[in-house]
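Here are the chains, one letter per residue:
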Amino acid sequence: MKNKDKTAFLQKEGKMPSINEGKTSLFNDLKELFKLKVLLANILPVFTGFWLALYFSDASFSDHWLLFFQVLIGSTFIVAGALIINNWYDVDIDSVMNRTMNRPTVTGHISLSTVLTMGILFTLVGFVLLIFTTLEATLYAAIGWFTYVFLYTIWTKRRYTWNTLIGSVSGAVTPLIGWAVLEPASHVVPIVLGLILFIFQMPHTFAIAMRKRDEYRDAKVAMLPVVRGFRVTKWHILFYVACLIPFPFYLASLGTFFVGFATLLNLGWLGLSIYGFFTKNDFSWARVQFIYSVSYVTVLFVMMVVVTFPVFR
């Protein structure tokens, strides 16, 4: 949808406020525009990938600190650029969903043309920074950006229930970016990390879609709970969580403690997923699922850093 069409849509719907209607701080506007929580969630695996590459290549952080800042800042800009463009494109959807109505694209605090320009500039700056690391890392970032912006946001999100599968690719490449600035990402560890993130995003997103089913339905977004219902969605959640069970054993090089810890996290999530078939409050269960999924991926990737902490010497 072009800028003029988006603006016309918002005016028609009565969503375009006057200049004096409400005053949101610049910080809050930018936080909404950058989807700060999503941004940070994507940068943590980049950091973990880099950290583990140091560990397994027996390299020193002091010898690669410049590379560290390049990949972290570059990937942050690229992810931010993709998220900003997503906000620009999805303004018509965001205007009818309660959880996204405060975004500056909807409130009119930042013009759509400015948002699009920001998204493009952030993307370009990110790639300029990343291209001076390695070609492999830049390629993974390009795959993630293209998948999220074109294949997910523009092509599949509004049309197909498997949009989540496509969108998961963009998050899965993040540890590969961090690893590939030091070593080729053909090692089993970055591959497994990517697979974990790819699979994790499915039940995580389904939980969000269950909680916000009515909003997605009103926005005409083809999320699985909207099209197929809650029970089918629960089976999908259980399937993907069960797929996570074997992965800790492929990370045995991180130590017995980590394998045991990660396995317990997986079993806890599996139990919660099974409980979903017996609960009488689907929305409450979906909320707990969402909280567990966010905690799961954060704790898991932080723990990978903790168990390899002595690498920084």
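Rules used throughout
- Residues numbered from 1 in each chain as written.
- Predicted model: local features only at pLDDT ≥ 70, side-chain atom pairs only at ≥ 80, totals over all residues.
- Heavy atoms only, no water.
- pLDDT = per-residue confidence, 0-100.
- Contact = heavy atoms within 4.5 Å.
- Salt bridge = Lys/Arg side-chain N within 4 Å of Asp/Glu carboxyl O.
- Buried < 20%, exposed > 50% of the residue type's maximum accessible area, 1.4 Å probe, protein only.
- Helix = DSSP H or I, 4+ residues; strand = E, 2+ residues; numbered from the N terminus.
- Patch = residues over 30% accessible without salt bridge, like charges linked within 9 Å, V, L, I, M, F, W, Y side chains within 5 Å.
- Areas by Shrake-Rupley, 256 points an atom, 1.4 Å probe, with all protein chains shown as cover.
- 1 Å grid on protein atoms, 1.4 Å probe; cavity = no way out; pocket = protein on both sides within 12 Å on 5 of 7 lines; lining within 4 Å.
- Points joined across faces, edges and corners; volume = space filled by probe spheres on them.
- Nonpolar A, V, L, I, M, F, W, Y, C, P; charged D, E, K, R; others polar.
- Axes fitted to C-alpha atoms, helices over the stretch in contact; angles between N-to-C directions.
- Parallel < 35°, antiparallel > 145°, perpendicular 65-115°, else oblique.
- Left-handed = near helix turned anticlockwise from the far one by under 90°.
- Core = buried A, V, L, I, M, F, W, Y, C linked by side-chain atoms within 4.5 Å.

## So, the confidence of the model for the chain
- Per-residue confidence for the chain gives a mean pLDDT of 91, with 91% of residues at or over 70.
- Residue range residues 11–24 is modelled with pLDDT below 50. Its contacts to residues more than four positions away, or to other chains, number 14 contacts.

## Remarks on the pattern of salt bridges
- If you walk through the whole model with that rule in mind, you get seven salt bridges.
- The salt bridge involving D94 is made with R103; its shortest N-O contact spans 3.1 Å.
- Given a relative accessible area of 9%, R103 falls into the buried group.
- Ionic pairing is found between K234 and D282, a salt bridge with its closest N-O pair at 2.5 Å. One end of the pair, K234, is in helix α14 (residues 230–244); the other, D282, is in helix α16 (residues 282–306), and 48 residues separate them in sequence.
- Given the relative accessible area of 6%, K234 is considered buried.
- Taking relative accessible area as the criterion, D282 reaches 21% and is therefore assigned partly exposed.
- Through salt bridges with shared partners, one network takes in D90, D92, K157 and R158.

## Focus: a nonpolar patch on the surface
- Taken together, the side chains of W65, L66, F69 and I73 define a hydrophobic patch exposed on the protein surface, amounting to about 410 Å² of accessible area.
- Looking at the element boundaries, F69 is found in helix α4 (residues 65–89).

## Observations regarding empty space enclosed by the protein
- In this structure the tally under the stated criterion is one cavity of 30 Å³ or more.
- Empty space within the largest cavity amounts to approximately 50 Å³.
- Along the walls of the largest cavity sit I196, L244, F247, P248, L251, F258, A262, N266, Y296 and L300, which together make up its complete lining.
- At the level of secondary structure, the elements contributing two or more residues to the lining of the largest cavity comprise α15 (256–275) and α16.
- When the residues that make up the lining of the largest cavity are grouped by side-chain class, the tally is nine nonpolar, one polar and no charged.

## Comments concerning the packing of helix α3 (residues 36–56) against α16
- Orientation of α3 relative to α16, taken along the N-to-C sense of each, is 25 degrees, at an axis distance of 9 Å. Taken together, the axes of α3 and α16 lie roughly parallel to each other. Every pair of crossing elements has a handedness; the one defined by α3 and α16 is left-handed. Between α3 and α16, the residues in contact are L44, P45, F47, T48, W51 and L52 and T298, F301, V302, M304 and V305, respectively.

## Here's the deal with the nonpolar core
- Core analysis: the largest hydrophobic core is formed by 81 residues, its most contacted members being L251, Y296, L300 and M304.
- Filtering out sequence-adjacent residues up to four positions away, M304 remains in contact with T48, W51, L52, L193, L251, L254 and F258.
- Of all hydrophobic cores here, the second largest spans eight residues; its members include I93, A209, V221 and M223.

## Regarding the packing of helix α2 (residues 26–34) against helix α7 (residues 112–131)
- In contact at an axis separation of 12 Å, α2 and α7 are set at 65 degrees when each is read in the N-to-C sense. Judged by the twist between their axes, the crossing of α2 over α7 is right-handed. Taking contact as the criterion, the partners of L30, L33 and F34 in α2 are, on α7, V115, M118 and F122.
- The residue makeup of the contact of α2 with α7, split by class, is six nonpolar, no polar and no charged.

## Here we look at the environment of V305
- In this structure, V305 sits in helix α16.
- Along the sequence, V305 and Y55 sit 250 residues apart, while their C-alpha atoms lie 9.6 Å from each other.
- Non-local contacts of V305, meaning those with residues more than four positions away in its chain, are made with F47, T48 and W51.

## Points about unusual backbone geometry
- The backbone of K35 sits at a positive phi, close to 50 degrees, despite the residue not being glycine.
- Judged by its relative accessible area of 13%, K35 is buried.
- Look at K220: it is not a glycine, yet its phi comes out positive at around 60 degrees.
- Position of K220 relative to the elements: it lies in the loop between α12 (213–218) and α13 (224–228).

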